[in-house]
Protein chains: 2
Amino acid sequence: MQRYFTNEKLSLFEPFFISGDDFHHMSRVMRMKSGEKVYIVDKEENAFIAEVIEIGESAVKLRPQERIEKSPELPVQITIASGLPKGDKLDLIVQKATELGAFSFLPFPAERSISKWETKKVRKKIERLEKIAKEAAEQSHRTHIPTITFCESFAALMNRFAEFDYVLLAYEESARSNETKTLVATFEKMKPGEKLLVIFGPEGGVSDKEVTLLTQANVLFAGLGSRILRTETAPLYFLAAASYFFELEKSF
Amino acid sequence: MQRYFTNEKLSLFEPFFISGDDFHHMSRVMRMKSGEKVYIVDKEENAFIAEVIEIGESAVKLRPQERIEKSPELPVQITIASGLPKGDKLDLIVQKATELGAFSFLPFPAERSISKWETKKVRKKIERLEKIAKEAAEQSHRTHIPTITFCESFAALMNRFAEFDYVLLAYEESARSNETKTLVATFEKMKPGEKLLVIFGPEGGVSDKEVTLLTQANVLFAGLGSRILRTETAPLYFLAAASYFFELEKSF
């Protein structure tokens, strides 16, 4: 069943309309007919099964027939802060981390980032990533579309720490020195709805200066197993571990 | 420090030679000089720090100076059986799953695989994947290079089940129906050194016929969290969950 998001708030049995790109997708790409059913997620992240009532000239009329109660979202909110990686690796991070349940993304220029974002290009880059996140959210049957916010400096990233209940650094040196306790201890402390920020360096890792700043800010350094992970693989490890712990082991 | 694999068995302080592609990489690409140090993994998967003694015309002479005792390998052996996915997705699966600790790969033509491998092209495709696995193993500091073996049919895959202590199917319908216990229960039963095979369908999932055959073979069906994962994301989830459980929670 196809999935779409709407910016409206929906109520059971009250008809609504979909226009724009999704109208085009439903009418032209999928060639939907009256009576077909789709999943719709509304602006309050409630999911419904809706029936197509009529395909108009510029909008599809639908009616929500059933509310989906089971949430596909992780019980904790995990935000991924990625030091800007090379090339199009951030596309892969956003796509896969959205599938794996990331709540939001904070890309930032790390000291060792080779890739730089010119100010005038930031808006376009974020829009591109937002589109990737939306498509991945639909594909993975999520009700929340992760937001993407560019932090223009490491200081701007650190200024946001107060918004979170926990802040971790995924640290290569912790993996090397066989650090295994921090991630498990953090997950075990977390309660449903709490917010965690996890920071990943770019290809060259976090710099000594960044490590010092994070130490001063009482950020915990966590190892992610015994192997050295690429910058685009580490966030996927983190989210899969969170899903395993919170959704399979604990089943909150 | 650069990492290389050798097909020889090494002993501490006994000089050895590296030729071929790795000689080229050391002498021409990295422009190494006498006295520099590299990681070397030998054919018995023992890791050493070795010193470059001399750069010759067609070989580098090295001497192992220190044995690395800590293993970067998962304490259990996880084999990934992937129903042939579209395009170059298997490249991504092999690269990332190698970083995340996969022991070996068994690609197979699933009933719903759109991609087909012509017999005459199998060898070339496997060689390409072996190269990706070797490079990912070096990059992630592993001592084991995962092997890749093509199963020419679903029956050929099933014929290998007896080689494993556990066989699981990562099943989308299990995720949908909120199945959370199988993966945790399996990991909790496993002892160091045991072998697990996990089967992933292609984009369209496993077919009804394949589900029936796997049910008859007593394969367990496991859900991987609350979201629908793409065929190339599910193996990464599985291995990250295994690392979290065996390396961080249990620290075998």
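Residues numbered from 1 in each chain as written. Chains lettered and ligands numbered in written order. Predicted model: local features only at pLDDT ≥ 70, side-chain atom pairs only at ≥ 80, totals over all residues. Heavy atoms only, no water.

## Observations regarding the overall build of chain A
Counting its secondary structure elements, chain A contains eight helices and 11 strands. Based on the C-alpha atoms only, the size of chain A along its principal axes is roughly 60 × 45 × 30 Å. Burial analysis of chain A (252 residues in total) assigns 56% to the buried set. Of the contacts formed within chain A by residues at least 6 apart in sequence, a portion of 75% connects residues at least 24 apart. (Helix = DSSP H or I, 4+ residues; strand = E, 2+ residues; numbered from the N terminus. Buried < 20%, exposed > 50% of the residue type's maximum accessible area, 1.4 Å probe, protein only. Contact = heavy atoms within 4.5 Å.)

## Digging into the UniProt feature "domain: Ribosomal RNA small subunit methyltransferase E PUA-like" (unreviewed entry) in chain A
Under the feature "domain: Ribosomal RNA small subunit methyltransferase E PUA-like" (unreviewed entry), the UniProt entry names residues 18-64 of chain A. The annotated region residues 18-64 of chain A carries 21% helix and 47% strand content, and the separation between its end C-alpha atoms amounts to 12 Å. (UniProt positions renumbered as here; feature names shortened; annotations may be inferred.)

## Remarks on the interface of chain B and chain A
Each side of the interface is counted separately: chain B has 46 residues, and chain A has 46 residues. For the pairing of chain B and chain A, the buried interface totals around 3900 Å² over both sides, and the portion due to carbon and sulfur atoms is 54%. Its largest share of buried area at the contact with chain A, chain B owes to B:Arg227, B:Tyr244 and B:Leu248, together 20% of the area lost on that side. At the boundary of chain B with chain A, the tally comes to six salt bridges. A salt bridge links A:Arg227 to B:Glu247; its shortest N-O distance comes to 3.0 Å. If you look at where chain B meets chain A, you find 22 residue pairs in polar contact (both at pLDDT 80 or more). Looking at side-chain class alone, the side of chain B that touches chain A contains 19 nonpolar, 14 polar and 13 charged residues. (Buried area = accessible area lost by both parts, 1.4 Å probe. Salt bridge = Lys/Arg side-chain N within 4 Å of Asp/Glu carboxyl O. Polar contact = N/O pair within 3.5 Å; in protein donor to acceptor, adjacent residues only side chain to side chain. Nonpolar A, V, L, I, M, F, W, Y, C, P; charged D, E, K, R; others polar.)

## With respect to the packing of helix H2 (residues 89-99) of chain A against helix H3 (residues 119-139) of chain A
All names here are of chain A. The N-to-C vectors of H2 and H3 enclose an angle of 30°; their axes lie 8 Å apart at closest approach. By the angle between their axes, H2 is roughly parallel relative to H3. In terms of crossing hand, the pair formed by H2 and H3 is right-handed. Side by side, H2 and H3 meet where Leu90, Asp91, Val94, Gln95, Thr98 and Glu99 of the first sit next to Arg128, Leu129, Ile132, Ala133, Ala136, Ala137 and Gln139 of the second. Split into classes, the residues belonging to the contact of H2 with H3 amount to seven nonpolar, three polar and three charged. (Axes fitted to C-alpha atoms, helices over the stretch in contact; angles between N-to-C directions. Parallel < 35°, antiparallel > 145°, perpendicular 65-115°, else oblique. Left-handed = near helix turned anticlockwise from the far one by under 90°.)

## So, the sheet that holds strand E8 (residues 147-148) of chain B
Residue and element names in this part refer to chain B. Taking strand neighbours across the sheet as the criterion, the six strands line up as E8-E7-E6-E10-E9-E11 in an open arrangement whose pairing is parallel. A strand with exactly one partner marks an edge of an open sheet, and here the two such strands are E8 and strand E11 (220-222). Summarising the sheet, strand E9 (residues 166-170) and strand E10 (residues 195-200) pair through four bridges and their orientation is parallel. Its bridge partner being in E10, Leu169 is matched across the sheet by Ile199. (Pairing = 2+ DSSP bridges.)

## Digging into the pattern of salt bridges
For the structure on display, the rule yields 31 salt bridges over all chains. Its salt-bridge partner being A:Glu203, residue A:Lys89 comes within 3.2 Å of it at the nearest N-O pair. Linking A:Lys89 in helix H2 with A:Glu203 in the loop between strand E10 (195-200) and helix H7 (208-216), this pair joins segments that are 114 residues apart in sequence. A relative accessible area of 22% places A:Lys89 in the partly exposed class. Residue B:Glu232 is joined to B:Lys89 by a salt bridge in which the shortest nitrogen-to-oxygen separation is 3.7 Å.

## A few points about the relation of the copies chain B and chain A
Each copy of the sequence occupies a distinct position, and chain B is placed on chain A by a rotation of 180° and an axial shift of 0.0 Å, giving an RMSD of 0.0 Å. The operation mapping one copy onto its partner corresponds to a two-fold rotation axis. Among all C-alpha atoms of chain B, that of B:Ala241 lies closest to the rotation axis, at 2.5 Å. Comparing interface residues between copies, 100% of those in chain B also lie at the interface in chain A; the contact surface is shared. (Least-squares fit on C-alpha atoms with pLDDT ≥ 70 in both.)

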